[in-house]
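Notes for the structure review
Here's the letter readout for the chains.
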Amino acid sequence: MTGALALSACGGNGSKGNNDKSQVEVFSWWTGPGEADGLAALKADFEKKNPGTKFVNAAIAGGSGTQAQAVLASRLQNRKPPDSFQGHAGAELLDYIKAGQIEPLDSFYDQNNLKSVYPQQLLQQISYKGHIYSVPVDIHRSNMLWYNPKILKDAGISDAPKSIPEFIADLKAVKQKTKNVPLSLGAQWTADHLLENVLLGDLGTDAYNALWKPGADWSSPAMTKALNDYAEIIKYTTVEAASTDWQGAAKAVVDGKAAFNIMGDWAYGYFVNPAPNGLGKKLDTDFKYAPTPGTDGTYLWLSDSFTLPKGAPHRAGALAWLKEVSSREGQDLFNPKKGSVPARKDADKSLYSTGYLKYAFEQWNNPATKLAGSFWHGVNASKKQHTDIDTAVGLFLQSKDVGKLQSQLVAAAKNSGQ
């Protein structure tokens with residue numbers, strides 16, 4: 001899916017639900033270092049502004065939200081929704097909207113004067129025939145390469161790779177000249193995350209974005225080349241990949257065990273936040289960063305947002321929570337800890353003036369930066385296509401059969417339901 005959610009809307013602002021503000025149950029997958037710190041900062045500010053409302057943290061562990069979304073689906077099906085739940089802005093919201101499980105938030109946006117403070121493209125991604133369905137709290141960049149400068153020096157590599165062929169050559173050099181892991185990988189979803197970065201790096205921004213339009217061609221020779229490059233890169237990843245989530249894979253870089261890790265910029269918060277929730281590592285000494293190979297000048301973006309479920313038990317509490325996550329104060333408390341930048345355009349720039357956050361803030365707000373949506377993190381793939389791609393990648397990790405992977409991706413695009 002690209003642009004606005006392309007389905008007919010039912011209009012209005014949905015069911016009124018329960019106006020109870022005694023508590024708010026907030027459902028998310030923010031349990032890891034950095035993200036949990038950001039949620040705690042939001043919670044503290046929310047409780048200060050809403051002293052009579054109890055905050056119930058219903059977060060479920062698991063990178064990228066895979067486990068949490070399965071639990072959420074069951075609760076929604078059984079009509080036992082939380083008061084608000086996290087959802088990636090974009091096509092990930094389609095299933096909830098089609099099932100009538102979340103309310104439009106037009107009145108909320110109007111009452112809080114929000115339409116002028118969010119980027120127009122972002123509002124389009126969370127809209128459905130002119131109705132807005134979620135409240136974004138952050139902007140993340142998926143296409144980031146984290147690397148250990150000492151290991152690269154030991155391998156005779158002078159700088160971060162600028163292209164996929166350079167990256168493959170560097171992985172080979174690390175393997176031949178050091179005893180370190182060339183590329184750390186975590187649970188299977190991190191292999192999906194790697195795939196979107198290789199596709200963007202090989203195909204370029206326009207061709208990558210075209211993959212998510214109706215009738216997209218996943219059978220092209222360019223796609224075959226990109227998938228062969230992906231297969232080559234996978235050869236240099238850790239064999240124990242399935243046993244750890246993204247934190248363990250990212251930590252391997254700053255601990256001097258792995259040369260490279262491809263992960264979203266939430267890794268930055270994990271690296272630099274102090275113990276016990278972070279690693280307390282130093283930029284330029286313990287790690288460095290660059291856009292993933294072949295993607296300089298492009299922001300492979302995603303956004304965490306919150307919704308108002310129909311039938312929320314404490315609807316007034318939910319609206320108070322949405323006001324918190326949409327506020328400038330809330331976003332400026334949350335994002336520096338998570339390693340992201342605010343979804344709002346009027347953030348306090350002084351909070352994003354050093355290190356990676358300065359770089360990300362400038363890149364996101366640079367009109368020359370090209371934008372591509374992260375398929376793995378909910379922007380432009382339907383849940384069905386998302387699941388089908390994940391299945392195809394899982395089978396590929398076992399078989400290493402590029403032909404089968406491509407044919408399954410072709411089928412996933414045809415059956416995407418978008």
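Residues numbered from 1 in each chain as written. Predicted model: local features only at pLDDT ≥ 70, side-chain atom pairs only at ≥ 80, totals over all residues. Heavy atoms only, no water.

Topic: the sheet that holds strand β8 (residues 144-147)
One open sheet holds the four strands; their spatial order is β9-β10-β8-β11, and the pairing between them is mixed. Because the sheet does not close on itself, it has two edges, and the strands there are β9 (181-183) and β11 (288-291). In this sheet, neighbouring strand axes are inclined to one another by 20° on average, regardless of whether the strands run parallel or antiparallel. Bridge count between β8 and β11: four bridges; the pairing is antiparallel. Residue pairing for β11: Trp 146 is matched across the bridge by Tyr 289. (Pairing = 2+ DSSP bridges. Helix = DSSP H or I, 4+ residues; strand = E, 2+ residues; numbered from the N terminus. Axes fitted to C-alpha atoms, helices over the stretch in contact; angles between N-to-C directions.)

A few points about the pairing of strand β7 (residues 138-141)
The two faces of β7 match: Asp 138 and His 140 on one face and Ile 139 and Arg 141 on the other face are all buried. In the sheet, β7 pairs with strand β14 (residues 341-342) via two bridges, with the strands oriented antiparallel. Within β14, the residue paired with Ile 139 across the bridge is Val 341. Relative to strand β12 (residues 298-302), β7 is paired through two bridges, and the arrangement is antiparallel. Each bridged residue has a counterpart across the sheet, and for Arg 141 the counterpart in β12 is Trp 301. (Buried < 20%, exposed > 50% of the residue type's maximum accessible area, 1.4 Å probe, protein only.)

Observations regarding the environment of Arg 141
One can find Arg 141 in strand β7. The exposure class assigned to Arg 141 is buried, which follows from its relative accessible area of 0%. Distance from Arg 141 to Pro 291, taken between C-alpha atoms, is 9.3 Å for residues 150 residues apart in sequence. Not counting residues up to four positions away in its chain, the partners in contact with Arg 141 are Gly 264, Asp 265, Pro 291, Thr 295, Gly 297, Thr 298, Tyr 299, Leu 300, Tyr 356, Tyr 359 and Gln 363. At 2.7 Å, the side chain of Arg 141 and the backbone oxygen of Thr 298 are in polar contact. (Contact = heavy atoms within 4.5 Å. Polar contact = N/O pair within 3.5 Å; in protein donor to acceptor, adjacent residues only side chain to side chain.)

A word on the environment of Leu 371
As for its position among the elements, Leu 371 is in strand β15 (residues 370-373). Each C-alpha atom of the pair Leu 371 and Thr 298 lies 5.6 Å from the other, and the pair is 73 residues apart in sequence. What Leu 371 contacts, discounting residues up to four positions off in sequence, is Gln 121, Thr 205, Asn 209, Tyr 299, Trp 301 and Trp 364.

Comments concerning the packing of aromatic side chains
The geometry of two aromatic rings is summed up by the distance between their centres and the angle between their planes. One pass over the full model with this rule turns up 31 aromatic pairs. Members of the aromatic cluster, connected to one another through ring pairs, are Trp 146, Trp 246, Tyr 268, Tyr 270, Phe 271, Phe 287, Tyr 289, Tyr 356 and Tyr 359. Just above the ring of Tyr 299 sits the side chain of Arg 141; from NZ or CZ to the centre is 4.9 Å. (Phe/Tyr/Trp six-rings, centres within 6.5 Å; stacked < 30°, edge-to-face > 60°. Lys NZ or Arg CZ within 6 Å of the ring centre and 35° of its normal.)

Things to note about the sheet that holds strand β13 (residues 304-306)
Strand order in the open sheet made by the five strands is β2-β1-β3-β13-β6, with mixed pairing throughout. Lying at the two open borders of the sheet, with one neighbouring strand each, are β2 (54-57) and β6 (135-136). Pairing geometry for strand β1 (residues 23-27) and β2, over four bridges, is parallel. In the sheet register, Glu 25 faces β2, and the bridge partner there is Val 56. The sheet contacts of helix α13 (residues 315-326) involve β1, β2, β3 (84-88), β6 and β13, and relative to β1 the element is tilted by about 60°.

Brief notes about helix α14 (residues 328-338)
All of the buried residues in α14 are Gly 330, Gln 331, Asp 332, Phe 334, Asn 335 and Lys 338. Count one or two residues on from α14 and you reach Gly 339, which has phi positive near 90°.

Regarding the packing of helix α8 (residues 188-203) against helix α10 (residues 221-234)
Here α8 crosses α10 at 130°, and the two axes come no closer than 9 Å. The orientation of α8 with respect to α10, classified from their angle, is oblique. Read as a crossing pair, α8 and α10 show a hand that is right-handed. Counting all contacts with α8, which are made through Ala 191, Asp 192, Leu 194, Leu 195, Val 198, Leu 199, Asp 202 and Leu 203, the residues of α10 involved are Ala 222, Met 223, Lys 225, Ala 226, Leu 227, Asp 229, Tyr 230, Ile 233 and Ile 234. Partitioned by chemical class, the residues of the contact of α8 with α10 number 13 nonpolar, no polar and four charged. (Parallel < 35°, antiparallel > 145°, perpendicular 65-115°, else oblique. Left-handed = near helix turned anticlockwise from the far one by under 90°. Nonpolar A, V, L, I, M, F, W, Y, C, P; charged D, E, K, R; others polar.)

A few points about the pairing of β1
In terms of residue burial, β1 counts as a mostly covered element, since four of its five residues are buried. Note on the crossover from β1 through helix α1 (residues 35-49) to β2: the handedness is right-handed. Direction of pairing for β1 relative to β3: parallel, over a ladder of two bridges. Residue Phe 27 lies in a different strand from β3, and its bridge partner there is Phe 85. (Right-handed = clockwise from strand over helix to strand, strands pointing away.)

Topic: the side chain of Arg 344
The residue Arg 344 is located in the loop between β14 and α15 (355-364) in this model. Residue Arg 344 is classed as buried on the basis of its relative accessible area, which comes to 14%. In this structure the side chain of Arg 344 is engaged in a polar contact, spanning 2.8 Å, whose partner is the backbone oxygen of Ser 326.

Section: the confidence of the model for the protein chain
Averaged over all residues, the pLDDT of the protein chain is 91; the fraction at 70 or higher stands at 94%. Here residues 1-17 scores under 50 on pLDDT; set against residues more than four positions off or in separate chains, the count is 58 contacts. (pLDDT = per-residue confidence, 0-100.)

Some words on the nonpolar core
Inside soluble globular proteins, nonpolar side chains tend to come together where they are buried. Residues Tyr 109, Trp 146, Leu 199, Trp 218, Tyr 230, Phe 260 and Trp 321 are the most contacted members of the largest nonpolar core, which totals 125 residues. Among the elements that take part in this core, α8 stands out by supplying eight residues, more than any other. (Core = buried A, V, L, I, M, F, W, Y, C linked by side-chain atoms within 4.5 Å.)

With respect to α1
In this model, α1 (15 residues) spans 21 Å end to end at C-alpha, consistent with the 21 Å of a helix rising 1.5 Å per residue. The complete set of buried residues in α1 reads Glu 35, Asp 37, Gly 38, Leu 39, Ala 41, Leu 42, Asp 45 and Phe 46. Check the buried side of α1 and you find it contacts β1, β2, α13 and α14. (Expected span 1.5 Å × (residues − 1).)

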